[in-house]
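Given next are the chains, with one letter for each unit.
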Amino acid sequence: MATMPATASARPYRLPFVISASAAGTIIEWYDFYLYGVLAAFFSSQFFPPGNDTAALLASLATFGAGFAVRPFGAAFFGRLGDITGRKFTFMLTILIMGLSTAFVGILPTYAQIGILAPIILVVLRLAQGLALGGEYGGAAIYVAEHSTDAERGKNTSWIQTTATLGLLLALAVIGLTRVNMSAEAFTSYGWRIPFVLSVILVVIALIIRMRLQETPLFSRLKAAGKSSTSPWRDSFANGANRKLILLALLGATAGQAVVWYQGQFQSLFFLSTINGVKFTDAYLIVGAALVLGTPFFIVFGALSDRIGRKPIILGSC
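Given the structure is predicted, the values throughout are model-derived calculations rather than measurements. (Residues numbered from 1 in each chain as written. Predicted model: local features only at pLDDT ≥ 70, side-chain atom pairs only at ≥ 80, totals over all residues. Heavy atoms only, no water.)

1. What to know about the overall build of the protein
Here is step 1 of the chain: The helix and strand inventory of the protein stands at 16 helices and zero strands.
Here is step 2 of the chain: Classification of the 318 residues of the protein by burial places 43% in the buried group.
Here is step 3 of the chain: For the protein, long-range pairs separated by at least 24 residues make up 82% of all intrachain contacts whose partners lie at least 6 apart in sequence.
Here is step 4 of the chain: Here the protein displays about 15700 Å² of accessible surface, and carbon together with sulfur accounts for 71% of that area. (Helix = DSSP H or I, 4+ residues; strand = E, 2+ residues; numbered from the N terminus. Buried < 20%, exposed > 50% of the residue type's maximum accessible area, 1.4 Å probe, protein only. Contact = heavy atoms within 4.5 Å. Areas by Shrake-Rupley, 256 points an atom, 1.4 Å probe, with all protein chains shown as cover.)

2. Regarding helix α9 (residues 184–191)
Here is step 1 of the chain: Of the positions making up α9, those classed as buried are A186, F187 and G191. Taken around the axis of α9, the buried residues stretch over an arc of 100°, which confines them to a single face. For α9, exposure combined with an orientation more than 90 degrees from the buried face picks out A184, E185 and S189.
Here is step 2 of the chain: Against the buried residues of α9 lie α2 (40–43), α8 (153–180) and α10 (193–210). (Arc of directions from axis to C-beta.)

3. Overview of the packing of aromatic side chains
Here is step 1 of the chain: Scanning the entire structure with this criterion turns up 19 aromatic pairs.
Here is step 2 of the chain: Ring geometry for F42 and F187: centres 5.4 Å apart, planes at 55°, overall tilted. Pair noted here: F42 is in helix α2 and F187 is in helix α9, with a separation of 145 residues, a long-range link. Side by side, F42 and F187 carry an identical accessibility label, which is buried.
Here is step 3 of the chain: The residue whose ring lies beneath R126 is F33, and the NZ or CZ to ring-centre distance is 4.3 Å.
Here is step 4 of the chain: Its end group placed over the ring of F280, R179 keeps NZ or CZ at 3.9 Å from the ring centre. (Phe/Tyr/Trp six-rings, centres within 6.5 Å; stacked < 30°, edge-to-face > 60°. Lys NZ or Arg CZ within 6 Å of the ring centre and 35° of its normal.)

4. Regarding a nonpolar patch on the surface
Here is step 1 of the chain: Taken together, the side chains of L96, L100, F104, I107 and V197 define a hydrophobic patch exposed on the protein surface, amounting to about 460 Å² of accessible area.
Here is step 2 of the chain: Inspection of the secondary structure puts F104 in helix α5 (residues 87–107).
Here is step 3 of the chain: Owing to a relative accessible area of 44%, F104 belongs among the partly exposed residues under this scheme. (Patch = residues over 30% accessible without salt bridge, like charges linked within 9 Å, V, L, I, M, F, W, Y side chains within 5 Å. Salt bridge = Lys/Arg side-chain N within 4 Å of Asp/Glu carboxyl O.)

5. Concerning the confidence of the model for the protein
Here is step 1 of the chain: In this model, the protein carries an average pLDDT of 83, and 88% of its residues clear a pLDDT of 70 or more.
Here is step 2 of the chain: Confidence, expressed as mean pLDDT per element, reaches its minimum in the protein at helix α12 (residues 232–237) with 61 and its maximum at helix α15 (residues 296–308) with 94.
Here is step 3 of the chain: Note that residues 1–11 has pLDDT below 50 and, in this model, 20 contacts with residues that lie over four places away or in other chains. (pLDDT = per-residue confidence, 0-100.)

In structure tokens, the structure reads:
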């Protein structure tokens, strides 16, 4: 369905504000989510039983992966909530859950302090982060898409795709600056907590920005006309054709690029620091430079998809 321009009363702000407000909050959510990823190797000695470094590292990486495993469930739950209550409420809720979970990681006692409860609580917090991010990312893309015309939907929503890259870049920068400005002992003792607690300030800023947002004009019109779904899951999955499209998009269109992206960023970061023994400053600079060079192409190919279609871009990139 083509998105019709909103009236002045329905949308008193311009599209650049819609995109920037949506992206700002999503960058912060990715920053929160990726803090653990950057420090996963370091956390193996903080939150997991000592005595077997390899097992501790694998457990730490598995905890990192747990956040990804629940993202589809977060997307399904918060997507349904957004279809019933609206996009803005879901926006506010997901960033609040993410902010609180990240802050709790920042004050969580280590294994040496509370024993087995440390990794258990850490896994729970990572699951909460994954659920929140699953709802946040999809919600932000939908919010921008429902403010866009058909002719520019790819270009406009591609700005949301850059948030994952920028969030990781922000996490690398904050952690890197924290580490270089204190001794290794101080960072191990308490310094690692600073980037997590700092997220509270960022989340408050994002909440203030998002309070200014309104519902999308498309959702508002559907709601006013009584055409919004009261059972989004049934509408999506009860129909065989819809199920086929959902599985095709999930496994065919996104799974491949997701594996390549996360392996390219995090596996390379782990490999550089843990296997090759590269200094963290150099490892951060290498991965950060790759992120800076790659980010503009999200916009380039998003805009190109508006001209030649989504399928050629997906097939060509894979």
